[in-house]
Amino acid sequence: MRCSGWSSLAISVCSALLLASPAAAHVTPSPGFLPSGSSESISFAAPNEREEPMNGFVLIAPDGLAIEHAHAADGWSESLDGSTATWTGGSLAPDVEATFGMTVKAEAEPGVLELRAEQRYAGGAVVAWSVPITIVPAEESGSQGVVLATVTALIGLLLAVAIAMLARRRRSTRSV
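Since we're looking at a predicted model, the values are computed, not measured.

Asker: What should I look at first to understand the pattern of salt bridges in this one?
Answerer: Per the stated rule, a full pass over the model turns up three salt bridges. The residue Arg116 makes a salt bridge to Glu118 at a minimum N-O spacing of 2.8 Å. Of the residues examined, Glu118 reaches a relative accessible area of 8% and is grouped as buried. We note a salt bridge from Glu118 to Arg120, for which the minimum N-O separation is 2.5 Å. The structure contains a network of salt bridges with shared partners spanning Arg116, Glu118 and Arg120.

Asker: Got a minute to help me understand the confidence of the model for the protein in this structure?
Answerer: When pLDDT is low, close inspection of the predicted coordinates is not appropriate. Put simply, the protein has an average pLDDT of 80, and 68% of its residues get 70 or more. Looking over the protein, one finds the lowest element-wise mean pLDDT in helix H1 (residues 5-19), namely 47, and the highest in strand E4 (residues 54-60), namely 96. The low-confidence segment residues 12-25 (pLDDT under 50) makes 15 contacts with residues lying over four places distant or belonging to another chain.

Asker: Explain the packing of aromatic side chains to me, please; I cannot follow it from the model alone.
Answerer: Two numbers describe a pair of aromatic rings. These are the distance of the centres and the angle of the planes. Applying the stated criterion across every chain, the model contains four aromatic pairs. With centroids separated by 5.9 Å and ring planes inclined at 40°, the aromatic side chains of Phe57 and Trp87 adopt a geometry described as tilted. Of the two residues, Phe57 is situated in strand E4 and Trp87 in strand E7 (residues 84-92); the sequence distance between them amounts to 30 residues. The class for Phe57 is buried, based on a relative accessible area of 0%. Centroid distance Trp87 to Phe100: 5.2 Å. Interplanar angle 50°. Geometry classified as tilted. Taken together, the residues span a long stretch of sequence, with Trp87 in strand E7 and Phe100 in strand E8 (residues 97-106) at a distance of 13 residues. Grouping residues by exposure puts Trp87 and Phe100 together as buried. One aromatic cluster in this structure is built from Phe57, Trp76, Trp87 and Phe100.

Asker: Teacher, can you tell me more about the pairing of E7 here?
Answerer: For a regular strand, side-chain orientation follows a simple rule: the groups alternate between the two sheet faces. Strand direction decides the pairing type here: E4 and E7, joined by six bridges, are antiparallel. Counted as the bridge partner of Ile60 is Thr84 from E7. By the bridge criterion, five bridges tie strand E6 (residues 77-81) to E7 in an arrangement that is antiparallel. Each residue of the ladder has a partner; that of Leu80, found in E7, is Ala85.

Asker: Hey, could you run me through the environment of Gly37 in this one?
Answerer: The residue Gly37 is located in the loop between strand E2 (33-35) and strand E3 (39-47) in this model. Counting along the chain gives 27 residues from Gly37 to Gly64, while the straight-line C-alpha distance between them is 9.8 Å. Residue contacts for Gly37: discarding those within four places in its chain leaves Lys105 and Ala106.

Asker: Which parts of the structure should I look at to understand unusual backbone geometry?
Answerer: In terms of backbone geometry, most residues other than glycine have negative phi values and most peptide bonds are trans. A cis amide bond links Ser30 with the next residue in sequence, Pro31, at an omega value of 0°. Residue Asp95 is not a glycine yet carries a positive backbone phi of 60°. Here Asp95 lies in the loop between E7 and E8. Its relative accessible area of 68% is what places Asp95 among the exposed residues.

Asker: Please clarify how the sheet that holds strand E5 (residues 65-70) should be interpreted in this entry.
Answerer: One key point about sheets: their strands pair by backbone hydrogen bonds, in either a parallel or an antiparallel sense. The four strands are arranged E1-E3-E8-E5 in an open sheet whose pairing can be described as antiparallel. Each edge of the sheet is formed by a strand with only one pairing partner; in this case those strands are strand E1 (28-30) and E5. With strand direction ignored, the average angle separating the axes of adjacent strands in the sheet is 40°. Bridge analysis of E5 against E8 gives five bridges, and the strand direction is antiparallel. Counted as the bridge partner of His69 is Thr103 from E8.

Criteria and thresholds
Residues numbered from 1 in each chain as written. Predicted model: local features only at pLDDT ≥ 70, side-chain atom pairs only at ≥ 80, totals over all residues. Heavy atoms only, no water. Salt bridge = Lys/Arg side-chain N within 4 Å of Asp/Glu carboxyl O. Buried < 20%, exposed > 50% of the residue type's maximum accessible area, 1.4 Å probe, protein only. pLDDT = per-residue confidence, 0-100. Helix = DSSP H or I, 4+ residues; strand = E, 2+ residues; numbered from the N terminus. Contact = heavy atoms within 4.5 Å. Phe/Tyr/Trp six-rings, centres within 6.5 Å; stacked < 30°, edge-to-face > 60°. Pairing = 2+ DSSP bridges. Axes fitted to C-alpha atoms, helices over the stretch in contact; angles between N-to-C directions.

In structure tokens form, the structure reads like this:
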């Protein structure tokens, strides 16, 4: 059974809300969705919930999500190595939030993918989170809509001509 783009979107969003782990609320993406086949910039809010300063932040993308660029963050040095974006050299005090961003490309079909986020601390502690990103169906281009409208109009026209021909034929056989 095929689903429309809107029903696939609704299913994906509901799945993300229902299946997201409680820990996913600590590092939050904005936006939390990405159209399949597109490249978008996503920001990640990372609050320091520990009593010691955070000195590193890492995002690891799963298969189906390619990191194209790690964005600069004030006071941090960013690096990109394949599917891993890392920010180091900064310091985030307890109970303060920092925002890290990257440009990613969704190569997966619609559904929920989970990035791994790691908050690193001076004492060597690492706190890891699963961060869900919902991949939604790609938006149809205007040309796809025109093609669909044209095909639908042609089918309608052929159907109207066929009905008219049947009615005329039926009328002509009655008069004989």
